[in-house]
Amino acid sequence: MTADQVEGNGVRVRLGGREMSLAISDEQAVRLRALVDRVAREPFTKRVWAELAYFVVGGALTAVGLAFVAWTMVAGIVLAITFVGLAVLVLSLRSARGLGGLFRRMARSWLGEPVADPEPFASRPGFLGWLQSGLRDRVAWRSVAYLPLRAAWTFLGVFVALSLWWDAFACLLHPITNHDGSGLGVWGLPAAIFGGDHLNQPFGLVHGLAVFLLGVVFFFAAPWVTRGFVNVDRLLVRSLLGPDPVQVRVRQLEQTRTRTVDASAATLRRIERDLHDGTQAQLVALAMRLGMAKEKLEDPEHVDVEQVRALVDEAHRGAKEAIAELRDIARGIHPPALDVGLEGALATLAARSAVPTDLSISLDTRPTPAIEAIAYFCVAELLANVAQHAQASRASVSCSQQGTWLRLVVRDDGIGGAEPTMVGSSSSGLAGLTDRVKGVDGRLHLVSPVGGPTVVTVDLPLSA
Amino acid sequence: MTATGLRVAIAEDSAILRDGLVQLLVDRGFTITGAVGDPAALRSSVAQHAPDVAVIDIRMPPTFTDEGLRLALELRDRHHGLGILLFSQYVETRYAADLLADDAAGIGYLLKDRVADVSDFVDALERVAVGGTALDPEVVMQLMGATRRSDSLTVLTAREREVLSLMAEGRSNAAIASALVISEGAVEKHVANIFAKLDLPVSQNDHRRVLAVLRFLES
């Protein structure tokens, strides 16, 4: 085999009688160089030594912790016929929880693993309550499960990863430590693979060089093997020492529920304000004018017909305005157009919009009423924003189905520059819409560069 | 119609109502010294024109909660002799308690609906302007309903309870007499009976009488 030509990154090789090329592209060359660079630097990074320290110190603590928890548990179970046994068991669980917290903090500060704290321990009142809560503490039981798993994994890691570090240094230092032929002291899996006894032979120059090179290989491989072990442990920490997934979901739902409740309270307040400031004031003024007219008519001798006619005229106009206001408020609570479905309701909105609006709808499944209402209010609010702020000449609304999701896209060719906090009026603005959408696990996405166009995308589940 | 010549300042943020009130009061011979939409404007208007009475909406900018009430308490401390008629879409017993904490002279608290009965409203406003009291029947009803003294109220006859309510609204004996279509002498007899039965301190002064009745209902 001869390499007779080197062109760029390609190598042309003649093997036997056949010629073949080992050409690699520029991109591959860049990647290869980056990889070599990375491997060469890795042993000298802080992260590697933090991981090694985590592995060694954490492993030792795990062994101690497991021994303690195992002994106290056995003792607790043996004594379980009395309350003392149960109390010992609970104390054992409480310490397992504490150990879990310690390992979690270690993973956080030494590995930078972003694992959140689980629910704190909440004891019911009284000694019996404490026993019951302690025995049912899911977080503690998961910590107990973590200990033997990590211990077993660490045990394996000592033979595979820790020995690799040891052997790497033994091989690298053997010209100094082994000059008298007393042996290298290599052990573990690497030594077994490369024949520990063989390595311990008194050395000649070739043998010595080979051992040294092996040390170099071990040294650069060790960080990755260690990381493999540490990464599995990260997985254990995340799944057993982090928050209980069930409790996380419960907390999430509690938050969305709070937001939804707040949003509906804000809606009620807005309706009350609309009624108070608009309709009620209108009706009071109306009643007042009629009251004045009535008093003027009480004395038939001296009726100023023009004055009374003016009062009744104003009252009449006020009554009509109050009716129109009430209709608007009622529409804000539940748009009657929705009774016939989203399609018709959106068509009405698009037709009523001050900016000419194109509408395209393709829905195979009818969303649940709550989703239809949210979709309707989103489009209504967004189109109102377009009319008020965008200075647009056209707008478009598209409503499509994507699997089990409903996607609304409202687009305009206006001046852009809309921001979530600035758009819209108070509780019914974009922030209010976002809360409403989040309340059903949906998403609202706004893209509005200065100069436009503005595109708002809303994804809603079809049923909620 | 009647030209009372009383000078009135108005603070009401709804333009429709404000204009309506001005029209009504001018029609009844009042002089409007200022019709404004927020507390600050009323403060300076009152300082400048020294009206006899101020009509104040409770919910006003900026927060639309109880701006008017706080303004009323402030004006009462600053301008002695200024009558204050609070004007609201709802009546809150707590607000009435705050307002009447130490004195009922020149204080009114009415539902906005009351303007529909123009004469009653004008009557209440005049009463407040000259140092009397005008409490909305709704407030009195709430107080009578919520009182822990309902046992003591059972010793009153139906007629006496009616008289008690009207007294609590701040009406004079003459007004009570005409409202119930009885003689003033009969009203005086009912009032004396009520005070005796409830063991209240007798007072000739109308607004002291109101306070006594309210204290009784609140305690």
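Going along each chain's sequence as written, the residues are numbered from 1 onward. Throughout, the order in which chains and ligands are written sets their labels, letters from A for the former and numbers from 1 for the latter. Only residues with pLDDT of at least 70 are given local features in this predicted model, and only at 80 or more are side-chain atom pairs given and counted; all residues enter the totals for whole chains, interfaces and linings. The side-chain numbers reported here are obtained from all heavy atoms of the structure, hydrogens and water having been left aside.

Below, the discussion takes up the packing of helix α5 (residues 138–172) of chain A against helix α9 (residues 205–241) of chain A. Geometrically, a packed helix pair is captured by the angle between its two axes and the distance between the axes. Residue and element names in this part refer to chain A. Viewed as axis vectors pointing N to C, α5 and α9 meet at an angle of 170°, and their least axial separation amounts to 7 Å. As the angle between them shows, α5 and α9 are arranged roughly antiparallel. When its residues are assigned to classes, the contact of α5 with α9 shows 28 nonpolar, five polar and four charged. Note on definitions: angles span 0 to 180 degrees between N-to-C directions of axes, and those axes are lines fitted to C-alpha atoms, for helices only across the stretch in contact. Segments assigned H or I by DSSP are reported as helices when at least four residues long, segments assigned E as strands when at least two residues long, and all are numbered from the N terminus. Should an angle fall under 35 degrees it is called roughly parallel, over 145 degrees roughly antiparallel, and 65 to 115 degrees roughly perpendicular, with every other angle called oblique. The classification used treats Ala, Val, Leu, Ile, Met, Phe, Trp, Tyr, Cys and Pro as nonpolar, Asp, Glu, Lys and Arg as charged, and all other residues, Gly among them, as polar.

A few words now on helix α5 (residues 118–129) of chain B. Think of an α-helix as turning once every 3.6 residues; residues three or four places apart then point the same way. All names here are of chain B. Given the number of residues in a helix, its expected span is that number minus one, multiplied by 1.5 Å. Here α5 spans 16 Å end to end across 12 residues, near enough to the 16 Å set by a 1.5 Å rise per residue. When a residue's accessible area, from a 1.4 Å probe over protein chains only, is under 20% of the maximum for its type it is buried; when over 50% it is exposed; and in between it is partly exposed. Those residues of α5 lying buried are Val 118, Phe 121, Val 122, Ala 124, Leu 125, Arg 127, Val 128 and Ala 129. Residue Gly 131 follows α5 closely and has a positive phi angle near 95°.

Attention now moves to the pattern of salt bridges. All names here are of chain A. Salt bridge criterion: a side-chain nitrogen from Lys or Arg within 4 Å of a carboxyl oxygen from Asp or Glu. Counting across every chain of the model gives 37 salt bridges over all chains. Glu 306 is paired through a salt bridge with Arg 309; the nearest N and O atoms lie 3.5 Å apart. Separated by three residues within a single helix, Glu 306 and Arg 309 lie in helix α11 (residues 305–333), roughly one turn from each other. Across the pair, exposure class does not vary: Glu 306 and Arg 309 are exposed alike. Overlapping salt bridges bring together Arg 38, Glu 42, Arg 47, Glu 51 and Arg 227 as one network.

Moving on, we get to the packing of aromatic side chains. Classification of ring pairs rests on two measures: the distance between centres of Phe, Tyr or Trp rings, Trp counted by its six-membered ring, which must be within 6.5 Å, and the angle between planes, read as stacked under 30 degrees, edge-to-face over 60 and tilted in between. One pass over the structure, following the stated rule, counts 13 aromatic pairs over all chains. Between Trp49(A) and Trp165(A), the ring centres sit 5.1 Å apart and the planes meet at 45°, which makes this aromatic pair tilted. Taken together, the residues Trp49(A) in helix α2 (residues 46–78) and Trp165(A) in helix α5 connect sequence positions 116 residues apart. What makes Trp49(A) partly exposed here is its relative accessible area of 38%. Each ring, one from Phe127(A) and one from Trp130(A), has its centre 6.1 Å from the other, and the planes form 25°; the classification is stacked. Of the two residues, Phe127(A) and Trp130(A) are both situated in helix α4 (residues 126–135); the distance of three residues between them amounts to about one turn of the helix. Taken together, Phe44(A), Trp49(A), Trp165(A), Phe169(A), Phe219(A) and Phe220(A) form an aromatic cluster joined through their ring pairs. Only lysine NZ and arginine CZ atoms are considered, and such an atom sits over a ring when it is within 6 Å of the ring centre and within 35 degrees of the ring normal. Cation over ring: Arg273(A) sits above Phe64(B), and NZ or CZ is 4.5 Å from the ring centre. Over the face of the ring belonging to Trp405(A) we find Arg443(A), whose NZ or CZ atom lies 5.1 Å from the ring centre.

This brings us to helix α8 (residues 158–169) of chain B. All names here are of chain B. For α8, which comprises 12 residues, the first-to-last C-alpha distance of 17 Å matches the rise-based estimate of 16 Å (1.5 Å per residue) to within 8%. For α8, every residue scored as buried is listed here: Glu 160, Val 163, Leu 164, Ser 165, Leu 166, Met 167, Ala 168 and Glu 169. Once α8 finishes, Gly 170 follows within two positions and takes phi at roughly 105°, a positive value.

Take the buried residues of types Ala, Val, Leu, Ile, Met, Phe, Trp, Tyr and Cys, join any two whose side-chain atoms come within 4.5 Å, and each joined set is a nonpolar core. Leu42(B), Ile56(B), Tyr109(B) and Leu164(B) are the most contacted members of the largest nonpolar core, which totals 52 residues. The leading source of residues in this core is helix α11 (residues 206–218) of chain B, at six residues. Discounting chain neighbours no more than four positions away, the residues touching Leu164(B) are Met144(B), Leu153(B), Leu156(B), Ile194(B), Leu198(B) and Val213(B). If you look at the next biggest cluster of nonpolar residues, it comprises 33 residues, including Ile374(A), Tyr376(A), Val379(A) and Leu408(A). Contacts are residue-level and defined by heavy atoms, with any inter-residue pair within 4.5 Å sufficient.

Turning next to the interface of chain B and chain A. Taken together, the contact between chain B and chain A spans 21 residues of the former and 19 residues of the latter. Taken over both partners, the interface formed by chain B and chain A buries close to 1900 Å², and the fraction arising from carbon and sulfur atoms is 54%. The largest contributions to the chain B side of the interface with chain A come from Ile16(B), Arg59(B) and Gln89(B), which together make up 29% of the buried area. There are three salt bridges connecting chain B and chain A. A salt bridge links Lys296(A) to Asp27(B); the shortest N-O distance between them is 2.7 Å. Pairs of N or O atoms within 3.5 Å make up the polar contacts considered here, provided that, within protein, one atom can donate a hydrogen while the other can accept it, and that residues adjacent in sequence are counted only when both atoms are side-chain atoms. Counting every contact that joins chain B to chain A gives nine residue pairs in polar contact (both at pLDDT 80 or more). Listed by contribution, the elements that provide at least two residues to the side of chain B that touches chain A are α1 (15–27) and α5 of chain B. At seven residues, α1(B) tops the list of elements feeding residues into the side of chain B that touches chain A. Per-class residue counts for the side of chain B that touches chain A are 10 nonpolar, six polar and five charged. Buried area is a sum: the accessible area each of two parts loses on coming together, probed at 1.4 Å, counted once for each and added.

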